[in-house]
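The chain contents come next:
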Amino acid sequence: QQDGRLKGKRVMISAGGTVEEIDPVRYISNRSSGKMGYAFAQAAAEAGAQVTLITTSLRSVPAGVNVIQVASAREMQTALTERFEVTDIVVMAAAVSDYRLAEPASQKMKKQPNQEHLVLDLVENPDILADLGAQKTHQYLIGFAAETEDLIEHAHEKLIKKNVDLLLANDVSKPNVGFGHDTNQVTVLSPNAEPIVLPLQDKLALAREILNQVADQIAEEDK
Ligand code: PMT
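None of the values given here were measured: they were computed from a predicted structure. (Residues numbered from 1 in each chain as written. Predicted model: local features only at pLDDT ≥ 70, side-chain atom pairs only at ≥ 80, totals over all residues.)

Mind showing me how you'd approach the site of the ligand here?
Residues in contact with the ligand amount to 27 residues; listed here are only the nearest, Ser33, Lys35, Met36, Ile128 and Leu129. Ranked by the residues each element gives to the shell around the ligand, the list is headed by strand S9 (residues 140–147), at four residues. Here the residues of the shell around the ligand are counted per class, giving 14 nonpolar, nine polar and four charged. (Near = placed C-beta within 6 Å. Helix = DSSP H or I, 4+ residues; strand = E, 2+ residues; numbered from the N terminus. Nonpolar A, V, L, I, M, F, W, Y, C, P; charged D, E, K, R; others polar.)

I'm lost on the environment of lysine 136 in this one. Help?
With respect to the helices and strands, the residue lysine 136 is situated in the loop between helix H3 (128–135) and S9. Between the C-alpha atoms of lysine 136 and asparagine 163, which are 27 residues apart in sequence, the distance is 8.8 Å. Residues within four places of lysine 136 in sequence aside, it is in contact with Leu141 and Asn163. (Contact = placed C-beta atoms within 7 Å.)

Would you mind showing me how to read helix H4 (residues 151–161) here?
Along an α-helix, a turn takes 3.6 residues, which lines up residues three or four apart on a common side. Restricting attention to buried positions, one finds in H4 the residues Leu151, Ala155, Lys158 and Leu159. Along the long axis of H4, the arc covered by the buried residues comes to 105°, so they all point the same way. Among the exposed residues of H4, those pointing more than 90 degrees away from its buried face are Glu153, Ile160 and Lys161. Following H4 by one or two positions, asparagine 163 has its phi on the positive side, about 55°. (Buried ≥ 20, exposed ≤ 12 C-beta atoms within 10 Å, placed from the backbone. Arc of directions from axis to C-beta.)

This is the structure:
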């Protein structure tokens, strides 16, 4: 039972794939639907938390959730960073583009005669989660790792490098796992415990299970 377990806690959740402009009509993005982040927002609201959802995708908003719409990784970072100090729990479910255009074109790019190749100049985006991990004081950070090979090894590197408290590793090459699906399957990594493999389940059930675990841990620390 979730009711009230996160009462008084401020939870910030990111959802969806970031959108990096190429020109006024084109962009770089990815296959994230936002479903995982929205499921966390609903589960956190059910548990009584004060929830802010920072999202690139437009879906129906769970009751009581404060929504902030963003597009690019840098906009997402600004929205998260501004509220970080007063936040207790962050869930970084968004799929953030690691690169953006160095200079998006201000007008629609025209195809040049005989142009067979087009090279786009990309520059690195900030690593939002790693920056929050470096700044955190009391905040509990939950990150994801979306992998297609060597799941645990890559996820473990992210857990350490980004200084998160819980890392949910999903192998998005598996059927019904990750991007776009209503279900997900994660292995839970934390700094001082063995990885825990959770079953394939509905994203909302997964979000409830994880937040329940976090509520247990916070209650333990508050004792
Ligand atoms: O939105 P859905 O369709 O429901 O799909 C859910 C999901 C597959 C998008 C979700 O479960 C998921 O795995 N989200 C993280 C996707 C991702 O960007 O993974 P990553 O391994 O590249 O990044 C690791 C972590 O760092 C993530 O928490 C990510 O949000 C964060 N990150 C990554 C790059 C970056 N520049 N800044 C970040 O904050």
